[in-house]
Structures are given as structure tokens and as C-alpha cells.
Amino acid sequence: MTIKIVTDSTITVEPELIEKYGITIVPLAILIDGVLYQDTDLSADQFMTKMKVSKNLPKTSQPPVGVFSEIYDKLAEDGSQIISIHLTKALSGTVEAARQGAMLSNADVTVIDSDFIDQGLKFQVIEAAKLAASGATKEEILAAVEKTKENTELFIGIANLDNLVKGGRVNRVTGVLSGLLNIKVVMELVNTSLDPILKGRGNKTFQKWLDEFADKIKNRKIKEIGISHAENMTFSEQMRDTLQPFVDKKIPILDTNSTVATHTGPGAWALMIEFE
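The notes below deal with the structure included here.

1. Describing the pairing of strand β3 (residues 29-32)
Point 1. When β3 meets strand β4 (residues 35-38), the two strands line up antiparallel, connected through four bridges. Residue pairing across strands places Ile30 opposite Tyr37, the latter belonging to β4.
Point 2. A loop of two residues connects β3 with β4, the two strands running antiparallel in sequence, and Asp33 in this loop sits at a positive phi of about 50 degrees.
Point 3. Across three bridges, the pairing between β3 and strand β5 (residues 59-61) is antiparallel. By the bridge assignment, Ala29 is partnered in β5 with Ser61.

As C-alpha cells, this is what we get:
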């Protein structure tokens, strides 16, 4: 029996992989100064330009339950099973909407909370898609996705806390200090929560974290690394050049999606790493 893979637009992934494996992406919506867009409507450059001049912080919203139900029913018309993998419930109600959509659908759907976002979500989705294409069973795919999840770590660097403050995701006093003192913050996603692990003034903060991180992982076996950013190609390239010797697979540098960029703001970066 064929197994089809569904995810959402908070995945950051090479378009050719989506086409190669026939992955279905359900878009979140994003509201910018009263105009509603699908998350997939705008390129990274277009979104960043609109966000910078918007009067209010863009607002993201999960896909409607009915959209999930319709997509599942359509994909299952040929009798296929569906595995639907989505961003962490800590950041959005998308995975719950997917579960409700699955209940309304007549399809055989298994919904998974990836506990990640961006390329951390990509690791699980592409692993599932590869196995589905090779004829693996649903049980085999679910086990592999769980293993990928357990072996993945995600780190985010924030160059400006303004968007996090506006979105209510950090203490406002911390946000004010960051504006005055040029504070940079590095956070790790731990148990679906972003925990600050390093903060300091200026871009040397990011370099300090990178040097320490490279030393920390030098003896670990790495399967894959992904780098995403919101207008911070310079440090993204530094990370790639530093970390590429630790992994055989070429490290991609991708523009993050608009949902992530809304919360992180310009100058942000994310490093996702999957260990063996």
C-alpha cells in the first residue's frame, strides 16, 4: 500500500526534494497589515521587505481543520495511507488542527508532532518520504521518524529581540536591554521550549558559541546538518565552513520560512543537526 507524506509550510526544505518525493505542504496563513497571505505566497525577500515596513508584527495562523480533512481525503482516493508531520505544538496549533482534520477525514492518517520546525522538521519529513518511496511499512517509517527526532538538536541565534518582544515570547525588559546594549542571544530547543544558552554584545557572541559548539561535537558521528537564516548569510556561511568537515553530506544554507522569520526577526539564524 502506498504511503503519502504531508507536512506544513514551516518546513524549510529544498524545493527539488518536495517534488522528488511528492510531499504535500499545507500552508499556514500570515496577516500583514490587514492583508492575508498564504505562507507559500511570498519569497523570503518579499516577506522580509513587507515585514520591515509593516505597522504591526505579522500574525501567523494555522490551517483550518477542514483544509486538512479535504487534503487527506483527496490523497487517499487511491487507497493510500497518510503520515502527516508538523511543527511543534509549542509554537502553533497546526498539529492539533491536523489531528482534528484526520478525525473528520475518511482516510487512514497518522499525525505526528515533530517537536521541531524549519530544517529540524525537514529531517523527519524527508526520512519518512525516502522510506515511503522505498516501500517501507507505516510502522517502519514511524520508528525511523522517532529515531530522527530523538537524534536532532536545534539552535537559534537572535540578532535583535524586537520581534520576540512584540510577539510576547520574551520578557519586555530583556527586550529593552537588547536594544540598548546590542545583545545577541543563542537559544536551544529543549523539550519544545527555547532556552537561552548564551548571550552577549555584538556578533562575537555568535562566533564564541560556534567555536565552543564545534569543539563539543568533534568526536560525535553526524548524519546531517542544516542551516537556515533570515538575512544573515555571513554568519551562516561561517557556520557551514566551520562544520562541514564534521559531516559527509553537503550542508545546505536556506532562507527560513516567513512563520519563523516573523518571530525571530532579521539577522537570525538556525542550526539543525542530526546525530547518528
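2. Some thoughts on the pattern of salt bridges
Point 1. One pass over the structure, following the stated rule, counts 16 salt bridges.
Point 2. Glu231 serves as the salt-bridge partner of Lys52, at 2.7 Å between the closest nitrogen and oxygen. With Lys52 in helix α2 (residues 44-53) and Glu231 in the loop between β11 (222-230) and α10 (233-243), the pair connects residues that are 179 residues apart, well separated along the chain.
Point 3. Salt-bridge contacts for Asp113 lead to Lys89; the nearest nitrogen and oxygen are separated by 3.6 Å. A residue pair is termed long-range when its members are at least 10 positions apart, and Asp113 in strand β7 (residues 108-113) and Lys89 in the loop between β6 (81-86) and α4 (94-104) qualify at 24 residues.
Point 4. The exposure class of Asp113 is buried, given its relative accessible area of 8%.
Point 5. Overall, Lys89 belongs to the exposed group, its relative accessible area being 54%.

3. As for the environment of Arg201
Point 1. On the secondary structure map, Arg201 appears in strand β10 (residues 193-201).
Point 2. Considered as a pair, Arg201 and Thr24 are 177 residues apart in the sequence and their alpha carbons are 42 Å apart.

4. Quick notes on the packing of helix α3 (residues 65-75) against α4
Point 1. Interaxial distance between α3 and α4 falls to 7 Å at its minimum, and their mutual angle equals 55 degrees. With respect to α4, the axis of α3 lies oblique. In the crossing of α3 with α4, the sense of the turn from one axis to the other is right-handed. Between α3 and α4, the residues in contact are Val65, Phe68, Ser69 and Tyr72 and Thr94, Ala97, Ala98, Gln100, Gly101, Ala102 and Leu104, respectively.
Point 2. A class-by-class count of the residues in the contact of α3 with α4 yields seven nonpolar, four polar and no charged.

5. As for the side chain of Thr10
Point 1. Position of Thr10 relative to the elements: it lies in the loop between β1 (3-8) and α1 (15-21).
Point 2. Of the residues examined, Thr10 reaches a relative accessible area of 0% and is grouped as buried.
Point 3. At a separation of 2.4 Å, a polar atom in the side chain of Thr10 contacts the side chain of Asp8.
Point 4. With sequence-adjacent residues up to four places away left out, Thr10 is seen in contact with Leu28, Asp39, Leu87, Ile117, Asp118, Leu121, Asn257 and Thr259.

6. Here's the deal with unusual backbone geometry
Point 1. The phi dihedral of Asp115 is positive, around 65 degrees, even though this residue is not glycine.
Point 2. Assessed through its relative accessible area of 23%, Asp115 is described here as partly exposed.
Point 3. One non-glycine residue, Glu231, adopts positive backbone phi at about 60 degrees.

7. A closer look at the side chain of Ser84
Point 1. Considering the arrangement of structural elements, one finds Ser84 in strand β6.
Point 2. Owing to a relative accessible area of 0%, Ser84 belongs among the buried residues under this scheme.
Point 3. At 2.7 Å, the side chain of Ser84 and the side chain of Tyr72 are in polar contact.
Point 4. In this structure Ser84 touches Val6, Tyr72, Val109, Thr110, Val111 and Ile112, once residues within four positions along its chain are discounted.

8. What about the layout of surface pockets?
Point 1. Its boundaries defined by the atoms lining it, the largest pocket holds a volume of some 510 Å³.
Point 2. Forming the walls of the largest pocket are 25 residues, and the residues nearest its centre are Ile11, Leu42, Asp255, Thr256 and Asn257.
Point 3. Of all elements in the fold, only α1, α2, β11, β12 (253-255) and α11 (258-264) reach the threshold of two or more residues within the lining of the largest pocket.
Point 4. With four residues, the top contributor of residues to the lining of the largest pocket is α2.
Point 5. In terms of residue class, the lining of the largest pocket is built from twelve nonpolar, eight polar and five charged.
Point 6. Of the volumes computed, that of the second largest pocket is approximately 270 Å³.
Point 7. Lining the second largest pocket are 15 residues, and of these Leu17, Ile126, Lys130, Glu224 and Lys249 sit closest to its centre.
Point 8. Going through the elements one at a time, α1, α5 (118-133) and β11 are the ones with two or more residues in the lining of the second largest pocket.
Point 9. The greatest single-element share of the lining of the second largest pocket, amounting to five residues, is contributed by α5.

Thresholds applied
Residues numbered from 1 in each chain as written. Predicted model: local features only at pLDDT ≥ 70, side-chain atom pairs only at ≥ 80, totals over all residues. Heavy atoms only, no water. Pairing = 2+ DSSP bridges. Helix = DSSP H or I, 4+ residues; strand = E, 2+ residues; numbered from the N terminus. Salt bridge = Lys/Arg side-chain N within 4 Å of Asp/Glu carboxyl O. Buried < 20%, exposed > 50% of the residue type's maximum accessible area, 1.4 Å probe, protein only. Axes fitted to C-alpha atoms, helices over the stretch in contact; angles between N-to-C directions. Parallel < 35°, antiparallel > 145°, perpendicular 65-115°, else oblique. Left-handed = near helix turned anticlockwise from the far one by under 90°. Contact = heavy atoms within 4.5 Å. Nonpolar A, V, L, I, M, F, W, Y, C, P; charged D, E, K, R; others polar. Polar contact = N/O pair within 3.5 Å; in protein donor to acceptor, adjacent residues only side chain to side chain. 1 Å grid on protein atoms, 1.4 Å probe; cavity = no way out; pocket = protein on both sides within 12 Å on 5 of 7 lines; lining within 4 Å. Points joined across faces, edges and corners; volume = space filled by probe spheres on them.

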